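# A structural walkthrough
Chain by chain, the residues:
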There are 2 protein chains.
Amino acid sequence: MAFEYEFPRPALATDCVVFGFDGSELNVLLVKRGIEPYINVYAFPGGFVHIDETVDECARRELYEETGVKDVYMEQLYTFGDIDRDPRGRVVTVAYYALVRSTDYFPHGGTDASQAGWFKINELPPLAFDHKKILETAKQRIQNQIRYRPIGFELLDQKFTMTQLQTLYEAVLERKFDRRNFSSKILKTGVLDILDEKVQNVAYRAPRLMSFNRERYLQLTQEGFNFEI
Amino acid sequence: MAFEYEFPRPALATDCVVFGFDGSELNVLLVKRGIEPYINVYAFPGGFVHIDETVDECARRELYEETGVKDVYMEQLYTFGDIDRDPRGRVVTVAYYALVRSTDYFPHGGTDASQAGWFKINELPPLAFDHKKILETAKQRIQNQIRYRPIGFELLDQKFTMTQLQTLYEAVLERKFDRRNFSSKILKTGVLDILDEKVQNVAYRAPRLMSFNRERYLQLTQEGFNFEI
DNA sequence: CTAACTTTGCGTATCAAAAACGCAAAGAAT
DNA sequence: ATTCTTTGCGTTTTTGATACGCAAAGTTAG
């Protein structure tokens, strides 16, 4: 007990909701807690803010330490500051969300060797603390974000087909799109490069691959461009 | 020095960006700091989170204590957690924004008796800490919010004219609208009640007054209604 | 090898909303 | 009475969203 202050201070933590996409469904990365409270209950990766790191840095550090995930797209979500959200005492948490290509990391379903694993967003186990509430906030946020920012590309491999992109949008927004309208709407924005390459070893007609053109996107946003689907 | 912890903890504070509207321009409520650091420099009302209040409650309490403003529309904005944002040491702040009818509170420009006052958003004095950055974040947020939520009505008197509403939208979004298109677009959403009352003592043709129908708005949002302008 | 089938890629027709704008009535100022 | 500004209610034009037709690519089945 070495750190003392004139007034009591809440502890400050971060938690991170990591979304992944497996080609058909949206997944969330959870870790099983090894200590009380909520021992053996799943929770989002997170932990306490160190005094010599920014809150953003804390979120990235904790994510890496607990799951090995690093160098990913991450944004602050919301700060949860209710009094009784942690039975250990007063803990305020700054929640983040991250988007990753889930194939880059764990096998789906997790392994026994690892305490971290992917879960389908509609088949989640009970969550510790107020993490259910955090998840709902995160879900709403990406549904809003994907409509006017090209965050979807963070969830796909660098090369992807139009159908894969559409399936992702349908999974996130929980609705269907017309294949032809979706394609022309995305293509006419100009943020996709069509590659001279097709998918191999596929049943029926092989689709062409495409990739996200980040330079073109940045150029368009500066001109006041809107990415709505 | 009575409160000690095993690990060092950042101090946790809130700050609130209060927007007001005076009929033609958007204003921001600032308080002049009476103590170091940044003594005599303007800042947003705010202060440290008490151990027995939620973060939301802290934002409301500090706003009331420093400016007398209470019972207003308020939302969490963003948490600023850089290491060196406060010269006193590590302070993380959860920023909020609030919308008020500025006529309900202070005279514009502030008085000598009060340390709090309204400033035109484009003529602000230098701000303490990283409050310039907080302001930019808040400005972007209300520009986004006003397009799909009827937050504009929080900034007007209960009875207002269509031209007043349009002037507000133009001030917030920093663009002009066609008077006739703006009016019909707002009216066809059904969230406005047209009152059997006209503005008095006005040059030229007197416009009718209207008011926001909150029940109708809630009903429409539940049906999946979108308020975009 | 041919026919059937699925997916892709590109097009057009139809419908709804956004933007531009015409015009006369209300009502004060001259 | 005339002029002037603002209001209120429309129509026309343009743009974008949605629905859907159809043939080519390429695999599967007979």
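A brief look at the structure comes next. (Residues numbered from 1 in each chain as written. Chains lettered and ligands numbered in written order. Predicted model: local features only at pLDDT ≥ 70, side-chain atom pairs only at ≥ 80, totals over all residues. Heavy atoms only, no water.)

### A closer look at the interface of chain B and chain A
With 29 residues of chain B at the contact, the number on the chain A side is 29 residues. In total, about 3000 Å² of surface goes out of reach between chain B and chain A, with carbon and sulfur atoms giving 56% of it. Connecting chain B to chain A are 17 residue pairs in polar contact (both at pLDDT 80 or more). Among the secondary structure elements, those contributing two or more residues to the side of chain B that touches chain A are strand S1 (3–5), strand S2 (11–21), strand S6 (73–80) and strand S7 (91–100) of chain B. Along the lines of polarity and charge, the residues of the side of chain B that touches chain A split into 16 nonpolar, five polar and eight charged. Both strand S1 (residues 3–5) of chain A and S1 of chain B contribute to a ladder of three bridges, which runs antiparallel. What sits directly across from Glu 4 of chain A, in S1 of chain B, is Glu 4 of chain B. (Contact = heavy atoms within 4.5 Å. Buried area = accessible area lost by both parts, 1.4 Å probe. Polar contact = N/O pair within 3.5 Å; in protein donor to acceptor, adjacent residues only side chain to side chain. Helix = DSSP H or I, 4+ residues; strand = E, 2+ residues; numbered from the N terminus. Nonpolar A, V, L, I, M, F, W, Y, C, P; charged D, E, K, R; others polar. Pairing = 2+ DSSP bridges.)

### With respect to the protein's contact with DNA strand D
Every one of the 17 residues lining DNA strand D counts as a neighbour, but Arg 180 and Asn 181 of chain A together with Arg 179, Arg 180 and Arg 205 of chain B are closest to it. For DNA strand D, the backbone portion of the atoms within 4 Å of the protein, that is sugar and phosphate, comes to 44%. Between a base nitrogen of DNA strand D and a side-chain N or O atom of Arg 205 of chain A, the distance comes to 2.8 Å. Residue Arg 205 of chain B places a side-chain N or O atom 2.5 Å away from a base oxygen belonging to DNA strand D. If you tally residues by element for the surface near DNA strand D, the top one is helix H4 (residues 179–189) of chain A, at four residues. Per-class residue counts for the surface near DNA strand D are five nonpolar, two polar and ten charged. (Near = heavy atom within 4 Å.)

### Description of helix H2 (residues 131–148) of chain B
All names here are of chain B. Helix length check: H2 (18 residues) gives 26 Å between terminal C-alpha atoms against 26 Å at 1.5 Å per residue, within 8%. Restricting attention to buried positions, one finds in H2 the residues His 131, Ile 134, Leu 135, Ala 138, Lys 139, Ile 142, Gln 145 and Ile 146. Along the axis of H2, the buried residues cluster in a sector spanning 140°; they form a single face. (Expected span 1.5 Å × (residues − 1). Buried < 20%, exposed > 50% of the residue type's maximum accessible area, 1.4 Å probe, protein only. Arc of directions from axis to C-beta.)

### Here we look at the protein's contact with DNA strand C
Of all residues adjacent to DNA strand C, which total 17 residues, the nearest are Arg 179, Arg 180 and Arg 205 of chain A together with Arg 180 and Asn 181 of chain B. Backbone atoms, meaning sugar plus phosphate, form 45% of the atoms of DNA strand C positioned within 4 Å of the protein. For DNA strand C, a base nitrogen lies 2.7 Å from a polar atom in the side chain of Asn 181 of chain B. Of all elements in the fold, only H4 of chain A together with helix H4 (179–189) of chain B reach the threshold of two or more residues within the surface near DNA strand C. Take the surface near DNA strand C: its biggest share by element is four residues, from H4 of chain B. Its residues assigned to classes, the surface near DNA strand C shows five nonpolar, two polar and ten charged.

### Details of the layout of surface pockets
Taken as a whole, the largest pocket spans an internal volume of roughly 2000 Å³. The wall of the largest pocket is formed by 43 residues, among which Asn 144 and Tyr 148 of chain A together with Arg 141, Asn 144 and Tyr 148 of chain B lie closest to the centre. Counting residues per element, the ones that place at least two in the lining of the largest pocket are strand S6 (73–80), helix H2 (131–148) and helix H5 (214–222) of chain A together with S6, H2 and helix H5 (214–222) of chain B. Ranked by the residues each element gives to the lining of the largest pocket, the list is headed by H2 of chain A, at nine residues. (1 Å grid on protein atoms, 1.4 Å probe; cavity = no way out; pocket = protein on both sides within 12 Å on 5 of 7 lines; lining within 4 Å. Points joined across faces, edges and corners; volume = space filled by probe spheres on them.)

### Quick notes on the state of the cysteines
Within this structure, the stated rule accounts for zero disulfides over all chains. Here Cys 16 of chain A stays free of any disulfide, with the sulfur of Cys 58 of chain A as its closest cysteine sulfur at 10 Å. (Disulfide = S-S within 2.5 Å.)

### Here's the deal with the relation of the copies chain B and chain A
After a rotation of 179° and a shift along the axis of 0.0 Å, chain B superposes on chain A with an RMSD of 0.1 Å. In the structure described here, the two chain copies are related by an operation that fits a two-fold rotation axis. Considering only C-alpha atoms, the part of chain B nearest the rotation axis is Glu 4 of chain B, at 1.9 Å. Mapped onto chain A, 100% of the interface residues of chain B again fall at the interface, so both copies present the same surface. (Least-squares fit on C-alpha atoms with pLDDT ≥ 70 in both.)

### Details of the packing of aromatic side chains
Between two aromatic rings, the relevant description is the distance of the centres plus the angle of the planes. Evaluated as defined, the whole model comprises 19 aromatic pairs over all chains. Between Phe 153 of chain A and Phe 227 of chain A the ring centres are 6.3 Å apart and the planes differ by 70°, which places this aromatic pair in the edge-to-face class. Within this pair, whereas Phe 153 of chain A is found in the loop between H2 and helix H3 (162–173), its partner Phe 227 of chain A is found in the segment after H5, the two being separated by 74 residues in sequence. For Phe 227 of chain A, a relative accessible area of 1% translates into the label buried. With 5.7 Å between their ring centres and 35° between their planes, Phe 153 of chain B and Phe 160 of chain B make a pair best called tilted. (Phe/Tyr/Trp six-rings, centres within 6.5 Å; stacked < 30°, edge-to-face > 60°.)

### Regarding the nonpolar core
In terms of nonpolar packing, the biggest core is built from 45 residues, with Val 17, Phe 19, Leu 165 and Tyr 169 of chain A touching the most fellow members. Ranked by residue count, the leading element in this core is H3 of chain A, at seven residues. Judged by nonpolar contacts, the second largest core, of 44 residues, contains Leu 127, Phe 177, Ile 186 and Ile 229 of chain B. (Core = buried A, V, L, I, M, F, W, Y, C linked by side-chain atoms within 4.5 Å.)

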